[in-house]
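Read off the chains here:
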Amino acid sequence: MAAMNSMSNVENLSPQIIRRVVKEMNDLVNEPPEGIKVNINDEDITDIQAYIEGPAGTPYAGGVFRVKLALGKDFPQTPPKAFFLTKIFHPNVAKNGEICVNTLKKDWKPDLGIKHILLTVKCLLIVPNAESALNEEAGKLLLEQYECYSQRAKMMTEIHALSSKVPKAGLEVAASSADGPMAKKHAGDKKVAAEKEKKKLLKDKKRTLKRL
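All figures in this text were calculated on a predicted structure; none of them were measured in a lab.

A.B. asks: Mind showing me how you'd approach the overall build of the chain here?
C.D. replies: Summing up its helical and strand segments, the chain has six helices and four strands in all. Each helix (α) and strand (β) of the chain, taken in turn from the N terminus, gives the series α-α-β-β-β-β-α-α-α-α. Contacts spanning at least 24 positions in sequence make up 59% of the contacts within the chain whose residues lie at least 6 apart. A total of about 12,900 Å² of accessible surface is found on the chain, and carbon and sulfur atoms cover 55% of it.

This is the structure we're talking about:
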């Protein structure tokens, strides 16, 4: 059923628009903006997913956030909808991951491309906008208790978005070190111990979050 839905979405777009989207996506793969990598879905070009690195100096630093853009049948006359697939504590992101960005609404122009949207979402991680909050709690904390907001956002980043959970090499190709030399095995043993320790810390953090 999902495949049918995605197919119908492609059929709703004109060949000219599909060509434009394909070109934009290829450009983004060949020359990715700093901290942004896209995934191309060959089955459905209207299903656009990207990984955005949490910008340094923000509570999201060290995290990698998966974002999805959904192109509607009226694209580019109407903006795509944008969602965080990775859980995040942010004033402009609803509990279901929907992103509220003026560029995707009142400031939208048909000639603004996918790259522009992804850069706007990244900017939102640097400068949240408390006035158009979809997560009221995060918006209130941002304005009134920044330290508390920052701690909550950091904790969510550590639990859900740490970059160690995302495969390296373009962030979408799993590393295959299984056939590496024995030296790698010893490093792997240490890694397993470190991972166990990290999981224990994350469990404690999740408990803390529940109490908040």
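A.B. asks: Explanation requested: the nonpolar core in the structure shown.
C.D. replies: Note that soluble globular proteins tend to have their nonpolar side chains buried in a common cluster. Counting residues in hydrophobic clusters, the biggest one holds 43 residues, and the most contacted among them are Val21, Met25, Leu69, Phe84, Ile99, Ile114 and Leu118. At the level of secondary structure, the elements contributing two or more residues to this core comprise α2 (15-30), β1 (36-39), β2 (47-53), β3 (64-70), β4 (81-84), α3 (114-126), α4 (136-144) and α5 (146-160). For this core, the element with the most residues is α3, which contributes six residues. When sequence neighbours within four positions are dropped, the list of residues in contact with Met25 reads Val38, Asn39, Ile40, Ile45, Ile48 and Ile114.

A.B. asks: What's the story with the side chain of Thr86 in this structure? I'm lost.
C.D. replies: Along the chain, the position of Thr86 falls in the loop between β4 and α3. In terms of polar contacts, Thr86 uses its side chain to reach the backbone amide nitrogen of Arg66, at 2.8 Å. Sequence-distant contacts of Thr86, that is, excluding residues within four places in its chain, are made with Val64, Phe65, Arg66, His160 and Ala161.

A.B. asks: It is not clear to me how the sheet that holds β4 should be interpreted in this structure. Could you clarify?
C.D. replies: Pairing is antiparallel across the open sheet formed by four strands, whose spatial order is β1-β2-β3-β4. The open sheet has two edge strands with one neighbour each: β1 and β4. Across the sheet, the axes of successive neighbouring strands diverge by a mean angle of 25°, strand direction being ignored. The pairing of β1 with β2 spans four bridges and is antiparallel. Bridge pairing in β2 links Val38 to Ala50. In the packing of α3 onto the sheet, the strands contacted are β1, β2, β3 and β4, and the crossing angle to β2 comes to about 40°.

A.B. asks: Just checking my understanding: could you explain the packing of aromatic side chains for this structure?
C.D. replies: Remark: the centre distance and the inter-plane angle together describe each pair of aromatic rings, the angle taken between the planes. All chains considered together, the criterion is met by five aromatic pairs. Between Tyr60 and Phe65 the ring centres are 5.9 Å apart and the planes differ by 80°, which places this aromatic pair in the edge-to-face class. Each of the two residues, Tyr60 as well as Phe65, counts as buried. Stacked on the ring of Phe89, the Lys or Arg Arg152 has its end atom at 4.5 Å from the ring centre.

A.B. asks: Just checking my understanding: could you explain the pattern of salt bridges for this structure?
C.D. replies: Pairs may arise between side chains of opposite charge once their charged atoms sit close together. Evaluation of the coordinates by the stated rule reveals five salt bridges. When the shortest N-O distance is used, the salt bridge between Lys23 and Asp27 registers 2.8 Å. Taken together, the residues span about one helical turn, with Lys23 and Asp27 both in helix α2 at a distance of four residues. The exposure class assigned to Asp27 is partly exposed, which follows from its relative accessible area of 38%. The partner of Glu137 in a salt bridge is Arg152, and the shortest N-O contact between them spans 3.0 Å. Of this pair, Glu137 sits in helix α4 while Arg152 sits in helix α5; the two residues are 15 residues apart in sequence, bridging distant segments of the chain. Residue Arg152 is classed as buried on the basis of its relative accessible area, which comes to 14%.

About the thresholds
Residues numbered from 1 in each chain as written. Predicted model: local features only at pLDDT ≥ 70, side-chain atom pairs only at ≥ 80, totals over all residues. Heavy atoms only, no water. Helix = DSSP H or I, 4+ residues; strand = E, 2+ residues; numbered from the N terminus. Contact = heavy atoms within 4.5 Å. Areas by Shrake-Rupley, 256 points an atom, 1.4 Å probe, with all protein chains shown as cover. Core = buried A, V, L, I, M, F, W, Y, C linked by side-chain atoms within 4.5 Å. Buried < 20%, exposed > 50% of the residue type's maximum accessible area, 1.4 Å probe, protein only. Polar contact = N/O pair within 3.5 Å; in protein donor to acceptor, adjacent residues only side chain to side chain. Pairing = 2+ DSSP bridges. Axes fitted to C-alpha atoms, helices over the stretch in contact; angles between N-to-C directions. Phe/Tyr/Trp six-rings, centres within 6.5 Å; stacked < 30°, edge-to-face > 60°. Lys NZ or Arg CZ within 6 Å of the ring centre and 35° of its normal. Salt bridge = Lys/Arg side-chain N within 4 Å of Asp/Glu carboxyl O.

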